[in-house]
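# Coordinates in review
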Amino acid sequence: MLNLRKLPLALGLPAAFLAGLTADPVLAPTQDPAPKTAVVDIDRVLKAYPGAETRQEEWKTMEAGFQRQMDGLKAEAQEAGAQRDGFDEGTKERATADLQYQLKRLQYDETLKIFSAQADEFRAKIALDLYGEIRRGIAEFAKEKGIAAVLRARADNAAMPVTSRLDTNQQRDVLFHDASIDVTEDVIRFMKTWKPEGGK
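Scanning the entire structure with this criterion turns up three aromatic pairs. Ring centres 6.4 Å apart and planes at 20 degrees place the aromatic pair Trp59 and Phe122 in the stacked group. Of this pair, Trp59 sits in helix α3 (residues 50-85) while Phe122 sits in helix α4 (residues 92-145), and the two are 63 residues apart along the sequence. Of the residues examined, Trp59 reaches a relative accessible area of 2% and is grouped as buried. Considering the side-chain rings of Phe141 and Phe190, the 5.6 Å spacing of their centres and the 65 degrees angle between planes classify their relative orientation as edge-to-face. Placement of the pair is Phe141 in helix α4 and Phe190 in helix α6 (residues 184-191), with a sequence separation of 49 residues. We classify Phe141 as buried; its relative accessible area is 1%. The exposure class assigned to Phe190 is buried, which follows from its relative accessible area of 10%. Seen from the ring of Tyr101, Arg84 lies directly overhead, with NZ or CZ sitting 4.4 Å from the centre.

Shown next as structure tokens:
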């Protein structure tokens, strides 16, 4: 159902820049800093992001509302079934009561389908909004630190089912990275105080 600093980057400098260090420093041309690349485990950031708690509460509120309505419809169907069972088989009263029961069952089943679809859509919207917020936060963090590109790292969780681990590995964008360019913890600290546009 549904819930991103100091920067220990150690990247090599361009050969042309290193060569310039052997020349007279007064005469050496000024070089732009080398582009920096970092990686972030966005799933870890999501779990620690304060904004996710708010969205999780929104989901729980909606889910609780759906559940109350479904419980009400279920009770109505059970009551209709009990009333039907109070009449003898083959009587007109039994047939009428059975029709009422079937209508209640149909109402329950169709409402459940509608609620399930709405829940899936709402859950997807929450996820999209959260990832959008986190990406904007990471972008601001990267600009502050002079990072030119941030790649998504995917942790291999041995506790996950094998099929899930397979999916994660097939979706892995970064096959290897040095630990020195993993800024996940720095991003987590940044996101705990960062506010998206609108102050949400």
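This next bit is on the pattern of salt bridges. Applying the stated criterion across every chain yields a total of 15 salt bridges. A salt bridge links Asp129 to Lys125; the nearest nitrogen and oxygen atoms lie 2.9 Å apart. Taken together, the residues Asp129 and Lys125, both in helix α4 and four residues apart, mark about one turn of the helix. The exposure class of Asp129 is partly exposed, given its relative accessible area of 28%. We classify Lys125 as partly exposed; its relative accessible area is 48%.

Bringing the nonpolar core into the picture now. One finds Val45, Ile134, Val187 and Met191 to be the most contacted residues of the largest nonpolar core, which totals 27 residues. Those elements giving two or more residues to this core turn out to be β1 (37-40), α2 (42-48), α3, α4 and α6. The element best represented in this core is α4, accounting for eight residues.

Moving on: the packing of α4 against α6. Orientation of α4 relative to α6, taken along the N-to-C sense of each, is 110 degrees, at an axis distance of 10 Å. Here α6 runs roughly perpendicular to α4, going by the angle between their axes. Contacts between α4 and α6 involve Glu133, Ile134, Gly137, Ile138, Glu140, Phe141 and Glu144 on the former and, on the latter, Asp186, Val187, Phe190 and Met191. For the contact of α4 with α6, the class distribution of residues is six nonpolar, one polar and four charged.

Parameters at a glance
- Residues numbered from 1 in each chain as written.
- Predicted model: local features only at pLDDT ≥ 70, side-chain atom pairs only at ≥ 80, totals over all residues.
- Heavy atoms only, no water.
- Phe/Tyr/Trp six-rings, centres within 6.5 Å; stacked < 30°, edge-to-face > 60°.
- Helix = DSSP H or I, 4+ residues; strand = E, 2+ residues; numbered from the N terminus.
- Buried < 20%, exposed > 50% of the residue type's maximum accessible area, 1.4 Å probe, protein only.
- Lys NZ or Arg CZ within 6 Å of the ring centre and 35° of its normal.
- Salt bridge = Lys/Arg side-chain N within 4 Å of Asp/Glu carboxyl O.
- Core = buried A, V, L, I, M, F, W, Y, C linked by side-chain atoms within 4.5 Å.
- Axes fitted to C-alpha atoms, helices over the stretch in contact; angles between N-to-C directions.
- Parallel < 35°, antiparallel > 145°, perpendicular 65-115°, else oblique.
- Contact = heavy atoms within 4.5 Å.
- Nonpolar A, V, L, I, M, F, W, Y, C, P; charged D, E, K, R; others polar.

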